[in-house]
Amino acid sequence: MSYKRYWWALAIVIVGSFIVLGGEGRKMISGAPPLPDVYTTDGQLLFTGSSITDGQGVWQSIGGQEIGTVWGHGAYVAPDWSADWLHRESEFLLNTWAVKAGAANFSALNLDQQAVFKARLIRDMRTNTYDAATNRVTIDSDRAAAFNQLAAYYADVFGNGRSEYAIPHGALTNVAKQHQLAAFFWWTSWAASTERPNSTTTYTNNWPHEPLVNNGLTSGALLWSILSIVGLLAGIGGMVWWYASQEKVIVHGPYPATDPFLAVKATPSQRATMKYFFVVVILWGVQIAMGVLTAHYAVEGHGFYGFPLDRYLPYAVTRTWHLQLAIFWIATSWLATGLYVGPAVTGHEPKYQRLGVNVLFGALILVVGGSLAGEWMGIQQRLGNMWFWFGSQGYEYVDLGRFWQILLFIGLVLWLVLMIAALKPALVRKSEDRALLTLFLISSIAIPLFYAAGLMYGQRSHLVTAEYWRWWVVHLWVEGFFEVFATVVIAFLFTRLKLIEIRTATKAALFSTTIFLSGGIIGTFHHLYFAGATPAVIALGAIFSAFEVVPLTLVGYEAWENIRLAQPMQKAPWIANYQWPIYFFVSVAFWNLVGAGLFGFLINPPVALYYMQGLNTTPVHGHTALFGVYGMLGLGLTLFCLRAMGPERPWKQRPLKYSFWFLNLGLVFMVVLSMLPVGLLQAWASIQQGTWYARSAEFMQSGQMQTLRWMRVPGDILFATGALLFAWFILGLLTGHSYVDVNPVDLSTPLRGKNLEDEVLVAGR
């Protein structure tokens, strides 16, 4: 069968999308806010552009986006420093002018006088005094006084710590670095309140919402939000119309009489991948522990039930580890699955493949252990000027030091070499699965290729440049091509079990990849609306990020197809061996719709993100998409591979059953009872009073918000119980307690029970 039209569609989407992403990205970087020398009107130098860059480095070295946010990107306990500085500077100026007018403070003025000073504030803050010829920005003496006062305030915040911000005592004590950090915060606020040349909007498209300086939603953001919703509805309609026109392929058999993997002996390299899956569970467990500590810091900023934990493991470290470990264990499960599937689909074990798998495992342990230790030392200010290379870069999801980042990239290249070696025999021969193998190879190449985007910025790169390339890693690597890779891997596993035809799997994989990437690549821009981007980014990000949701409207069909694969146990009882791996794939489809689709679109339109960026609506999407989709997929792939490596030994599946339901229900309760209500209340506060207030200690430490934070406990307990059951089961594959202690069940004969689990339980008695 020819798949030419599918390949052409995929090629056009990829090439066209990257032309747009690259072209607009170049404009965005070239139009980034300048890094000026700042002078007062009487000629006094306040600080240089180099000090701003140095301050950005100081911010990164102490945790960066893991300790508050800048331009809305980062962690959620401390304030957004851009919005916080902007509001504090505005209040300082209003009060200063009021005192000069003879009043006690701004609030003591009458409404007419207040209106005059508010108009003056808007004029002074929004007027762009940047001179490109001299690279200077000039501010008056009042703004200079505001800088000096706020610099002292933030020096105290980071020097003496703030419990309500989970900032420990002594986080930053160097006086020179404190001044540089203040210069950086001032610059992020200046860019957020100063209009671009020949424009009526700021460098950050009027973000954050701050009524005092007339920062409000732009007309473009509102218009493109409306059009994105119209585009979403049109896309859903088109997708349903297309689906209705297709001939339905019902999964009905005939199925093999026995498990196809019974006839296949695991190769040495496949057996060597088993240790990867055990490490996956260990890393996942540590990640959950870090998540518990990170969440607790929001209610007890300096400790853990009275113990001064922040002296040894501060919030910036626990959150860094929580995110990095999520990437590590999920990626490890997928990469290990690739190493297992390679020889499985070709029946070929390349020379030295097992050695390569073991070397790669050693590299994985080195990178994980080294990067985590480096992040702790870097944030604790124990690496000096080497923080960027061996500590924490301070950017969310790519925190690991550049040295460890390079090692990880080399490891991914080695993984690709192993994949190509395993797939080569099948690629050179003409076979029915050649098209699917080609897509498998393309997605494998994309994994190291797009991780390399994280190497495109340096220690002193402009914040806009770093953000642009960082989102290539987070959105295109984690959310994009890894998903394509996983889709193809699942298709191969099901075709090897002979549960679906290769032709059907190939068409589905090519079509879903094309549809997903048609919105996903350009949709990267929705992360950059307010990160110093040009207005065109809002238009492109709004429309194409809406299209990302379109294919997710039919994931229910995918879920039911997976359920059907687990159902025909009477005709092919061995399928019950794969019941729980398949159900984990079902949960992936559910969370794809809810987490990636529903909660993703909740925050993706510009009008929504304008008020919600940097609020707890973002981790709602993050938890339900990152774990709900990619985490559940990683667990499902882990179970599938472990099951296929020893199909002759029945499992005691009850722990997996309870683990599955506890994990899913725990995630639901975690979101519905706590994170979502907190995020929606913050959004209301942001709309009513401004972004600064929604992130302020005054609001976040209120009794209502504290109660909602504690409401995470039921969901967290359920989730942790599910994780423990999963870990107990995986440990049992080593000790033997997860296997039924009877002679292997004859999987070629009908069962007396309703399914294999019933038969196993009967045999176990």
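Values in this document were obtained by computation on a predicted structure and should not be read as measured data. (Residues numbered from 1 in each chain as written. Predicted model: local features only at pLDDT ≥ 70, side-chain atom pairs only at ≥ 80, totals over all residues. Heavy atoms only, no water.)

## Observations regarding helix 13 (residues 402-428)
With 27 residues, helix 13 should cover 39 Å at 1.5 Å per step; its first-to-last C-alpha distance of 38 Å lies within 8% of that length. Along helix 13, the helix axis deviates most sharply at A422, where the bend reaches about 40°; the proline P425 sits within four residues downstream. (Helix = DSSP H or I, 4+ residues; strand = E, 2+ residues; numbered from the N terminus. Expected span 1.5 Å × (residues − 1). Bend = angle between axes of the 7 residues up to and from the residue.)

## A word on the pattern of salt bridges
By the definition in use, this model includes 14 salt bridges. A salt bridge links E89 to R143; the nearest nitrogen and oxygen atoms lie 2.9 Å apart. Taken as a pair, E89 in helix 3 (residues 81-100) and R143 in helix 5 (residues 141-160) lie far apart in primary sequence, 54 residues in all. Taking the relative accessible area as the measure of exposure, E89 reaches 1% and is therefore buried. Under the relative-accessibility criterion, R143 is labelled buried at 5%. Among the ionic contacts, a cluster of salt bridges with common partners joins K100, R120, R123, D124 and D142. (Salt bridge = Lys/Arg side-chain N within 4 Å of Asp/Glu carboxyl O. Buried < 20%, exposed > 50% of the residue type's maximum accessible area, 1.4 Å probe, protein only.)

## Details of the sheet that holds strand 5 (residues 136-139)
Sheet architecture is open: three strands sit in the order 2-1-5, paired in mixed fashion. Unpaired on one side and paired on the other, strand 2 (45-47) and strand 5 mark the two borders of the sheet. Sheet twist, expressed as the mean angle between neighbouring strand axes with direction ignored, is 35°. Two strands pair when backbone bridges link them, and strand 1 (residues 37-40) and strand 5 are joined in this way by four bridges, in the parallel orientation. The partner of V38 across the bridge, within strand 5, is V137. Packed on one face of the sheet, helix 5 meets strand 1, strand 2 and strand 5 and runs near 35° to strand 2. (Pairing = 2+ DSSP bridges. Axes fitted to C-alpha atoms, helices over the stretch in contact; angles between N-to-C directions. Contact = heavy atoms within 4.5 Å.)

## A word on the nonpolar core
Here is a general trend for soluble globular proteins: nonpolar side chains tend to be buried in one another's company. W81, F158, F185, W186, W284, F440 and W477 are the most contacted members of the largest nonpolar core, which totals 198 residues. A per-element tally of this core places helix 15 (residues 463-496) first, with 24 residues. Dropping the residues within four chain positions of it, W81 is found in contact with W59, I67, G68, T69, V70, Y154, V157, F158, Y165, I167 and F185. Among the nonpolar cores identified, the runner-up in size contains 23 residues, and W207, Y611, A683 and F699 belong to it. (Core = buried A, V, L, I, M, F, W, Y, C linked by side-chain atoms within 4.5 Å.)

Coordinates in, geometry out; function isn't part of it.
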